[in-house]
There are 2 protein chains.
Amino acid sequence: FALGTPEIERFPFDVWTRLLARAWRRPSVDLWRSDGPAGHRPLRVAIADYLRAARAVDCTSDQIIVTSGAQQSISLAVNALLDPAEKVWIENPGYTGLQGPLIAAGQVPVPVPVDDQGLSLNEGLRRAPDARMAIVTPSHHYPLGTVMSLSRRLALLDWAKDSKAWLLEDDYDSEYRYSGRPLSAMQGLDRSARVIYIGSFSKVLFPALRMGYLVAPADLAEKMIRIRATMDEHPSTTAQPALAAFFAEGHFAAHIRRMRRLYAARQACLLAAAREHLNGLCQVAPDEAGLHLVAWLTDSCLARMDDQAAARRAAGAGIVAPALSRFYLEPPVKQALLLGYAGVPEEIIPSAVRRLAQCLTA
Amino acid sequence: FALGTPEIERFPFDVWTRLLARAWRRPSVDLWRSDGPAGHRPLRVAIADYLRAARAVDCTSDQIIVTSGAQQSISLAVNALLDPAEKVWIENPGYTGLQGPLIAAGQVPVPVPVDDQGLSLNEGLRRAPDARMAIVTPSHHYPLGTVMSLSRRLALLDWAKDSKAWLLEDDYDSEYRYSGRPLSAMQGLDRSARVIYIGSFSKVLFPALRMGYLVAPADLAEKMIRIRATMDEHPSTTAQPALAAFFAEGHFAAHIRRMRRLYAARQACLLAAAREHLNGLCQVAPDEAGLHLVAWLTDSCLARMDDQAAARRAAGAGIVAPALSRFYLEPPVKQALLLGYAGVPEEIIPSAVRRLAQCLTA
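Residues numbered from 1 in each chain as written. Chains lettered and ligands numbered in written order. Predicted model: local features only at pLDDT ≥ 70, side-chain atom pairs only at ≥ 80, totals over all residues. Heavy atoms only, no water.

Residues Val147, Leu150, Leu154, Leu183 and Leu189 of chain A make up a contiguous nonpolar surface patch of roughly 350 Å² in combined accessible area. With respect to the helices and strands, leucine 183 of chain A occurs in the loop between β6 (166–170) and β7 (195–200). (Patch = residues over 30% accessible without salt bridge, like charges linked within 9 Å, V, L, I, M, F, W, Y side chains within 5 Å. Areas by Shrake-Rupley, 256 points an atom, 1.4 Å probe, with all protein chains shown as cover. Salt bridge = Lys/Arg side-chain N within 4 Å of Asp/Glu carboxyl O. Helix = DSSP H or I, 4+ residues; strand = E, 2+ residues; numbered from the N terminus.)

Shown next, in the form of structure tokens:
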């Protein structure tokens, strides 16, 4: 139940290979020389079209910067917008890979608790009132799955506007929503150009592609593109024309539709197996979005072991089930196992859950 | 006569496309998930084999880290080896794109003059005796074309050993050598593991590939690979298997052989045209290596215009001929035009040189 692993067996590598080959058999000059530090123009257009339609992001292709993924997007935003040694609110619990790049860039990450509406503005203001940036996952909190409420979004936007701070919106997992209407991106609500929106293709296509994007505020796009050029000149063109065609010819939308059905079925299968085998050990609630579920350990289970001991036992039985407490940057921590289901075929989910139950019982 | 532009019309895109398609039609798990932060193993093996055979670099594939090019290689070396605000000797004149990443990484670049043997150790010691790194192009100085002498190489290696400093060897243009025996890489002379060797595929394959590599000292390879993972996790796998096969099946060596003949003929053609048309305006000497020549402006020409005025006039006539003085970071500067010939077909060299002569005369 590894996190962030899509079902790769269903990725249309035949289509992908055809698009790659078509682009490179007789490449145009912008493909072999460089199409500029922001990336291949047709890909930037395709991403902007997609984000406007699917996520209500307010942008043109001039604001799109193709990057090597979320890490480079974050480094770029921090380099472009912050002075050294500024404070940055980050979600606690949250993506633990954030602190490294922030510290490397000379910034000071400040963990801020997440409540049932998302990152707590009050706690942020209490811990670091002078923070210049907040990095948040409003669509689907990582790893808890909370959706940030509209009122919290507006409050954060007001804070950013009034204190001239920046909101970095990591629109993690926004492609995979199984029911209900998604809240559109926070970026689209922003009237003060304080939101930098980032996304990645790791979970929609495949992780090793290493491609993501950043949507710069319109008035900062040129500056951010210049700074990107000093980081590593421009992104490799190898995959960009294939990805642009993957969008333009409808393969991207079709692949997401297929995967959404597949993942919804896998989540249902995991929930059914949890009801049957994990009763009294974990509470597993459905999630309208994302690629994993949170299995909260019950008190009787916690009396025997904490979540890290549970994860170790599971690993000993050949089952990956990361401990939630590892995603906390400071106490108090909550304890659960995270069950990524996107990469696990339905036929093996029940037996894997049964084995997991044995680990939690024994 | 743009610099650093290879003849792309002759790159075997048919072979390249076939190798790309072969790798991606049914990709192995290491291709779609990740083959680790140092890059795709078969490519690391191919690069190590090539460097040992062609450049006498002392390395195993475990020391090879695939990067997005020289800029990322330099950022990685600096992040891994230096504390903030350390001094770094850089060549003057030299690659002007170096200062940005160094300053961004919080280091202090110190320009050090280049004499006829290479970077001046005495001047370096005079200007910044406490420098912790020197970045040099020993095989073929950029942009003067000087080859660093053996005694200077040994002196720099001694300095690095005694002062526990680092030498970053940018083995720029080492693939294109037309006559004489190349000095092998400085890295191969190093007995104290103080040399970090970097190279790039921009000029051998095509610039927009954005792929390069770094050879870490054996005892630092693991640490540098960990730091690379914090920078952007790992390089995209898209082009890596194709490049590994391009090496393994002999296409890389064959392409360099073909290009070497082509570029040698273009240099000869440029020299003949310069003798005919630039007499009294510039002195152009042959160069045993590289992809451009230095056209030194004569005193009589300099009495009319400096090299930047000459470059502007040439640009007005549709001819790219960068001014050498722009590559100096501080005075005194020398004045010349740089004539990149690798991307210019023989049939248009004579007329372009004639037009250039008119610009320098009028």
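Positive charge collects at one region of the surface, where Arg257, Arg258, Arg260 and Arg261 of chain A lie side by side. The topology assignment puts arginine 257 of chain A in helix α10 (residues 251–277). (Lys, Arg positive; Asp, Glu negative; His and termini not counted. Charge placed at Lys NZ, Arg CZ, Asp CG, Glu CD.)

What follows deals with the packing of helix α4 (residues 70–81) of chain B against helix α8 (residues 221–232) of chain B. Residues and elements named next belong to chain B. At their nearest, the axes of α4 and α8 sit 10 Å apart, and the two run at 115° to each other. Crossing hand, α4 versus α8: right-handed. Counting all contacts with α4, which are made through Gln72, Ser75, Leu76, Ala77, Asn79 and Ala80, the residues of α8 involved are Lys223, Met224, Ile227, Arg228, Met231 and Asp232. (Axes fitted to C-alpha atoms, helices over the stretch in contact; angles between N-to-C directions. Left-handed = near helix turned anticlockwise from the far one by under 90°. Contact = heavy atoms within 4.5 Å.)

Here we come to the side chain of glutamine 267 of chain B. Residues and elements named next belong to chain B. Take glutamine 267: it is sitting in helix α10 (residues 251–277). Here the side chain of glutamine 267 touches tyrosine 341 through a polar contact of 2.8 Å, side chain to side chain. Here glutamine 267 is in contact with Tyr178, Pro286, Asp287, Ala289, Leu293 and Tyr341, once residues within four sequence places are set aside. (Polar contact = N/O pair within 3.5 Å; in protein donor to acceptor, adjacent residues only side chain to side chain.)

Side chains bearing opposite charge may pair, as long as their charged atoms lie close to each other. Scanning all chains against the criterion turns up 28 salt bridges over all chains. Salt-bridge contacts for glutamate 233 of chain A lead to arginine 210 of chain B; the nearest nitrogen and oxygen are separated by 3.3 Å. Separated into two different chains, glutamate 233 of chain A in the loop between α8 (221–232) and α9 (240–248) and arginine 210 of chain B in the loop between β7 (195–200) and β8 (212–215) make up a pair that spans both. Taking the relative accessible area as the measure of exposure, glutamate 233 of chain A reaches 30% and is therefore partly exposed. Judged by relative accessible area, which is 7%, arginine 210 of chain B ranks as buried. Close ionic contact of aspartate 115 of chain B with arginine 152 of chain B constitutes a salt bridge, the shortest N to O distance being 3.0 Å. Of the two residues, aspartate 115 of chain B is situated in strand β3 (residues 108–115) and arginine 152 of chain B in helix α7 (residues 150–162); the sequence distance between them amounts to 37 residues. (Buried < 20%, exposed > 50% of the residue type's maximum accessible area, 1.4 Å probe, protein only.)

Turning our attention to the sheet that holds β8 of chain B. All names here are of chain B. With mixed pairing, the 8 strands of this open sheet are ordered in space as β1-β8-β7-β6-β5-β2-β3-β4. Two strands bound the open sheet, and with one partner strand each, they are β1 (64–67) and β4 (118–119). Pairing analysis gives 4 bridges linking strand β6 (residues 166–170) to β7, with the strands arranged parallel. Along β7, the bridge assignment pairs leucine 168 with isoleucine 196. Packing against the sheet, α4 makes contact with β1, β5 (133–136), β6, β7 and β8, and its axis sits at approximately 160° to β7. (Pairing = 2+ DSSP bridges.)

Below, the discussion takes up the relation of the copies chain A and chain B. Both copies of the chain are placed relative to one another by a rotation about an axis and a shift along it. With an RMSD of 0.0 Å, chain A superimposes on chain B once it is rotated by 180° and translated 0.0 Å along the axis. Taken together, these values place the two copies in the relation of a two-fold axis. Minimal C-alpha separation from the rotation axis in chain A is found for alanine 21 of chain A, amounting to 3.0 Å. An overlap of 100% is found between the interface residues of chain A and their copies at the interface of chain B, pointing to a shared contact surface. (Least-squares fit on C-alpha atoms with pLDDT ≥ 70 in both.)

Residue and element names in this part refer to chain A. Of all the 5 residues making up β6, 5 are buried; the element is thus mostly covered by neighbouring parts of the structure. Residues Trp166, Leu168 and Asp170 point to one face of β6 and Leu167 and Glu169 to the other, with burial holding for every one of them. Pairing between strand β5 (residues 133–136) and β6: 4 bridges, direction parallel. Counterpart to alanine 134 in the pairing with β6 is leucine 167. For the crossover that starts at β5, traverses helix α7 (residues 150–162) and ends in the parallel β6, the hand is right-handed. (Right-handed = clockwise from strand over helix to strand, strands pointing away.)

The subject of this paragraph is empty space enclosed by the protein. For the coordinates displayed, the defined rule picks out 6 cavities of 30 Å³ or more. Taken as a whole, the largest cavity encloses approximately 340 Å³ of empty space. In terms of lining, the largest cavity is formed by 28 residues, of which the most central are Ser68 and Ser236 of chain A together with Ser68, Arg210 and Ser236 of chain B. At the level of secondary structure, the elements contributing two or more residues to the lining of the largest cavity comprise β1 (64–67) and α8 of chain A together with β1 and α8 of chain B. In the lining of the largest cavity, the residues fall into 10 nonpolar, 12 polar and 6 charged. As a volume, the second largest cavity reaches approximately 110 Å³. Forming the walls of the second largest cavity are Ile74, Ile90, Glu91, Gly94, Tyr95, Leu98, Ile135, Thr137, Asp170 and Leu329 of chain B. Along the lines of polarity and charge, the residues of the lining of the second largest cavity split into 6 nonpolar, 2 polar and 2 charged. (1 Å grid on protein atoms, 1.4 Å probe; cavity = no way out; pocket = protein on both sides within 12 Å on 5 of 7 lines; lining within 4 Å. Points joined across faces, edges and corners; volume = space filled by probe spheres on them. Nonpolar A, V, L, I, M, F, W, Y, C, P; charged D, E, K, R; others polar.)

To continue, consider the packing of aromatic side chains. Both the distance between ring centres and the angle between the ring planes are used here to describe each pair of aromatic rings. Applying the stated rule across the entire model yields 40 aromatic pairs over all chains. A ring pair is formed by tryptophan 24 of chain A and phenylalanine 13 of chain B, whose centres lie 5.9 Å apart and whose planes are at 25°; its orientation type is stacked. Note that tryptophan 24 of chain A is positioned in helix α1 (residues 13–25) and phenylalanine 13 of chain B in helix α1 (residues 13–25), a pairing that runs across two chains. Here tryptophan 24 of chain A and phenylalanine 13 of chain B have matching classes, each one buried. Seen from their ring centres, tryptophan 89 of chain A and tryptophan 159 of chain A are 4.2 Å apart, and the 15° between their planes marks the pair as stacked. Of the two residues, tryptophan 89 of chain A sits in strand β2 (residues 87–92) while tryptophan 159 of chain A sits in helix α7, which places them 70 residues apart along the sequence. For tryptophan 89 of chain A, a relative accessible area of 0% corresponds to the buried category. An aromatic cluster is defined as three or more aromatic residues linked by ring pairs; in this entry it consists of Phe11, Phe13, Trp16, Phe206 and Phe246 of chain A together with Trp24 of chain B. Directly above the ring of tryptophan 166 of chain B sits arginine 194 of chain B, whose terminal nitrogen or CZ lies 3.9 Å from the centroid. (Phe/Tyr/Trp six-rings, centres within 6.5 Å; stacked < 30°, edge-to-face > 60°. Lys NZ or Arg CZ within 6 Å of the ring centre and 35° of its normal.)

Take α4 of chain B next. Residues and elements named next belong to chain B. Taking 1.5 Å of rise per residue, the 12 residues of α4 would be expected to cover 16 Å, and the 16 Å separating its terminal C-alpha atoms lies within 8% of that figure. With 10 of 12 residues buried, α4 lies mostly within the body of the structure. Within α4, the full set of buried residues consists of Gln71, Gln72, Ser73, Ile74, Ser75, Leu76, Ala77, Val78, Ala80 and Leu81. (Expected span 1.5 Å × (residues − 1).)

Let's shift gears to the packing of α1 of chain A against α9 of chain A. Residues and elements named next belong to chain A. Following both chains from N to C, one finds α1 and α9 inclined at 125°, their axes separated by 8 Å at the closest point. The angle between the axes of α1 and α9 places the two elements in the oblique class. Crossing of α1 against α9: the hand is right-handed. Two secondary-structure elements touch here, α1 through Val15, Trp16, Leu19, Leu20, Arg22, Ala23 and Trp24 and α9 through Pro241, Ala242, Leu243, Ala245 and Phe246. Class assignment for the residues of the contact of α1 with α9 results in 11 nonpolar, no polar and 1 charged. (Parallel < 35°, antiparallel > 145°, perpendicular 65-115°, else oblique.)

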